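Examination of the molecular architecture
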Amino acid sequence: MATNKLEGPLLARYSEKTPPGERTGGRVFDELPTLNQTRGAALLAVHYNGETKQISLESLVGGWDDLRFPATAVNPPGQASDPDFDTTRGGWLFDAAGTETLFIIGQLPHLYKEGTAIRPHVHWVQENAGDVLWQLDYKWFNNGEAYPANFTTIDTTDKAFDYSVNSPQIDICQISAFPEIDGAGMRASSMIVTKFSRIGGDASDTYTGDALMIEFDIHYLSDGHGTQLEYVKLDP
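Residues numbered from 1 in each chain as written. Predicted model: local features only at pLDDT ≥ 70, side-chain atom pairs only at ≥ 80, totals over all residues. Heavy atoms only, no water.

**Quick word on the overall build of the protein chain**
On a plain count of helices and strands, the protein chain comes out with one helix and 15 strands. Counting across all 236 residues of the protein chain, residues that qualify as buried make up 39%. Residue pairs at least 24 apart in sequence account for 71% of intrachain contacts in the protein chain once pairs closer than 6 positions are excluded. When the accessible area of the protein chain is evaluated, it comes to approximately 13300 Å², of which 51% is carbon and sulfur surface. (Helix = DSSP H or I, 4+ residues; strand = E, 2+ residues; numbered from the N terminus. Buried < 20%, exposed > 50% of the residue type's maximum accessible area, 1.4 Å probe, protein only. Contact = heavy atoms within 4.5 Å. Areas by Shrake-Rupley, 256 points an atom, 1.4 Å probe, with all protein chains shown as cover.)

Structural data, given as structure tokens:
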């Protein structure tokens, strides 16, 4: 693979074994001969405990993170469709016989990389080999713009882990990922309003009994430590 080389004194070495007198804030800087740039991503050679590794410079200022909604932080909408709360294990019990729903509302953080897609998913406890049909209705909008009239609906029966490999069978923490949501035009501090449901009784939902939801999350990309102004991210 072709590699472009950028010349100059570069970062860095960090080692707990470095004498205290040679440290600067816990880091020691060496002059390294090259910085490799592959596929448009700058790669940094880092020495740590006698090993040399390459990391992406982009990962130093950004990467994936979670916008988190633990089950204990979600209040039900006060409707007949509410799931029950499991006071022993902590989480919402979504019934197999019909649709049960929670409203979950969040704000994209100031360090959100504007215009990029987000990836909602749910953490739940799987106790048998069936599939749960999870549904997400959402409205995602920027501050100062029109509040959407209608929800967009996505659903999933996806499972990240194979329950059948457990022998003897044990309960596992399962992750089900929804389809990615396009973020074109979306900005930091934008709002997302969701209805999170299990569609129990649907032919695609083959899971027996209640499904215990313990957290709903949204993966998002970040590109820094926040916005330069209180409500606005300036162009680079």
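**Digging into the side chain of Thr156**
Along the chain, the position of Thr156 falls in strand E12 (residues 152–156). In this structure Thr156 comes out as buried when scored by relative accessible area, which is 6%. Of the polar contacts made by the side chain of Thr156, one reaches the backbone oxygen of Ala177; its length is 2.8 Å. Beyond its immediate sequence surroundings of up to four residues, Thr156 is in contact with Val132, Leu133, Trp134, Ser176, Ala177 and Phe178. (Polar contact = N/O pair within 3.5 Å; in protein donor to acceptor, adjacent residues only side chain to side chain.)

**As for the packing of aromatic side chains**
Enumeration according to the criterion identifies ten aromatic pairs in this entry. Ring centres of Phe94 and Trp134 lie 5.4 Å apart, and the angle between their planes is 80 degrees; this geometry places the pair in the edge-to-face category. Of this pair, Phe94 sits in strand E8 (residues 91–94) while Trp134 sits in strand E11 (residues 134–141), and the two are 40 residues apart along the sequence. Taken individually, Phe94 and Trp134 each receive the classification buried, so the pair is uniform in this respect. Within the aromatic cluster, the residues linked to one another by ring pairs are Phe94, Trp124, Trp134, Phe178, Phe196, Tyr207 and Phe216. The aromatic ring of Phe151 is capped on one face by Lys139, whose charged end is 4.5 Å from the ring centroid. (Phe/Tyr/Trp six-rings, centres within 6.5 Å; stacked < 30°, edge-to-face > 60°. Lys NZ or Arg CZ within 6 Å of the ring centre and 35° of its normal.)

**Brief notes about the sheet that holds strand E14 (residues 191–199)**
Strand order in this open sheet of four strands is E9-E14-E11-E12, and the pairing throughout is antiparallel. Of all the strands in the sheet, the pair left with one neighbour each is strand E9 (99–107) and E12. Averaged over all neighbouring strand pairs, the angle between strand axes comes to 20 degrees, with direction disregarded. Here eight bridges tie E11 to E14, and the two strands are oriented antiparallel to one another. (Pairing = 2+ DSSP bridges. Axes fitted to C-alpha atoms, helices over the stretch in contact; angles between N-to-C directions.)

**Some remarks on the side chain of Ser189**
In this fold, Ser189 is placed in the loop between strand E13 (172–177) and E14. A distance of 2.3 Å separates polar atoms of two side chains, one belonging to Ser189 and the other to Gln107. Sequence-distant contacts of Ser189, defined by excluding residues within four places in its chain, comprise Gln107, Leu108, Pro109, His110 and Asn143.

**Section: unusual backbone geometry**
Even without being glycine, Ser189 reaches a positive phi, approximately 75 degrees. Relative accessible area serves as the criterion here: at 5%, Ser189 is assigned to the buried category.

**Some words on the pairing of E14**
Residues in a regular strand project their side chains so that they alternate between the two faces of the sheet. Of all nine residues that make up E14, seven are buried, and the element is covered over most of its length. When E9 meets E14, the two strands line up antiparallel, connected through nine bridges. What sits directly across from Gly106, in E14, is Ile192.

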